[in-house]
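Structural characterization, general
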Amino acid sequence: MLKTMQKHGVTLAIFAAALTGLTALVNELTKSTIDEQAANQQKALFDQVIPSDVYDNDLQNSCFIVQAPQLGKGSHRVFIARKGDTAVGAVMETTAPDGYSGAIQLLVGTDFSGKVFGTRVTEHHETPGLGDKIELRLSEWILHFAGKVIHGEDDTAFAVKKDGGEFDQFTGATITPRAVVNAVKRAGLYAETLPAQLDTLPACEE
């Protein structure tokens, strides 16, 4: 009985070791492909929030970590766009903490003088059929940010119409678009402070 148990134990150990080795091998073989696909997806998203003719540097490798209340709690990544040696804009990860169903994660592209190149929602938990219209696949509402200019912190036009601004709200859902508009405005205003910080921003870890 004991010998049988020992035999089965050895068999299981060998099987577990072989399976672990196989998993590690598959992971190593597919890692580069997964990383490449993730990079391509990120590049495609960047192309939606900042025109490719605005910059000529490797935007994905021009990544910095910032901690700015304007972008939300914790750390956020900021990607600096350059034309030659001149910084011309930024793509920022930002959070709208006050969505109807929780935080809304956004990607915002702007220059350094208040112009918004584009905005996309990357994660949300808003109500299907109402607040989820912030998604491009469901509505073109998010496209209306492109080309808009934020004229300072007191710009009342950069708000939903219910608050006196120029952005539509959704029927039966004002909280969600208001949260997105305000988050984009905060990000755009924060971008105006970036040129003075560029020499001190910590780079993203690879």
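Look a little higher up for the structure.
Below, the structure is looked at part by part. (Residues numbered from 1 in each chain as written. Predicted model: local features only at pLDDT ≥ 70, side-chain atom pairs only at ≥ 80, totals over all residues. Heavy atoms only, no water.)

Re the overall build of the protein
Along its length, the protein carries two helices and five strands. Going residue by residue from the N terminus, the α and β elements of the protein occur as α-β-β-β-β-β-α. Across the 206 residues of the protein, 38% fall into the buried class. Nonlocal contacts in the protein, meaning residues at least 24 apart in sequence, comprise 47% of its contacts between residues at least 6 apart. Only carbon and sulfur atoms are counted for the fraction: they give 55% of the accessible area of the protein, which is about 11,900 Å². (Helix = DSSP H or I, 4+ residues; strand = E, 2+ residues; numbered from the N terminus. Buried < 20%, exposed > 50% of the residue type's maximum accessible area, 1.4 Å probe, protein only. Contact = heavy atoms within 4.5 Å. Areas by Shrake-Rupley, 256 points an atom, 1.4 Å probe, with all protein chains shown as cover.)

With respect to the pattern of salt bridges
Oppositely charged side chains can pair when the atoms bearing their charge come close. In this structure the tally under the stated criterion is six salt bridges. Lys-43 serves as the salt-bridge partner of Asp-47, at 2.9 Å between the closest nitrogen and oxygen. Of this pair, Asp-47 and Lys-43 are both found in helix α1 (residues 2-49), four residues apart, which corresponds to roughly one turn of the helix. For Glu-166, the salt bridge goes to Lys-148, with nearest N and O atoms at 2.7 Å. With Glu-166 in the loop between β5 (116-123) and α2 (175-191) and Lys-148 in the loop between β5 and α2, this residue pair connects regions lying 18 residues apart in the sequence. (Salt bridge = Lys/Arg side-chain N within 4 Å of Asp/Glu carboxyl O.)

As for the state of the cysteines
One pass over the structure, following the stated rule, counts one disulfide. With its sulfur 1.9 Å from that of its partner, Cys-63 forms a disulfide with Cys-204. Since a negative S-S torsion denotes a left-handed disulfide, the Cys-63-Cys-204 link at about -60 degrees is left-handed. Taken as a pair, Cys-63 in strand β1 (residues 63-66) and Cys-204 in the segment after α2 lie far apart in primary sequence, 141 residues in all. (Disulfide = S-S within 2.5 Å.)

Considering the packing of aromatic side chains
Enumeration according to the criterion identifies six aromatic pairs in this entry. Pairing Trp-141 with Phe-170 gives two aromatic rings, centres 5.2 Å apart and planes at 75 degrees, and the pair type is edge-to-face. One end of the pair, Trp-141, is in the loop between β5 and α2; the other, Phe-170, is in the loop between β5 and α2, with 29 residues separating them in the sequence. The pair formed by Trp-141 and Phe-170 is uniform in burial state, with each residue classed as buried. (Phe/Tyr/Trp six-rings, centres within 6.5 Å; stacked < 30°, edge-to-face > 60°.)

Quick word on the layout of surface pockets
Quantified by volume, the largest pocket comes out at close to 250 Å³. Considering the residues around the largest pocket, the lining is formed by ten residues, among which Gln-60, Asn-61, Cys-63, Cys-204 and Glu-205 are closest to the centre. Residue composition of the lining of the largest pocket, by class: four nonpolar, three polar and three charged. (1 Å grid on protein atoms, 1.4 Å probe; cavity = no way out; pocket = protein on both sides within 12 Å on 5 of 7 lines; lining within 4 Å. Points joined across faces, edges and corners; volume = space filled by probe spheres on them. Nonpolar A, V, L, I, M, F, W, Y, C, P; charged D, E, K, R; others polar.)

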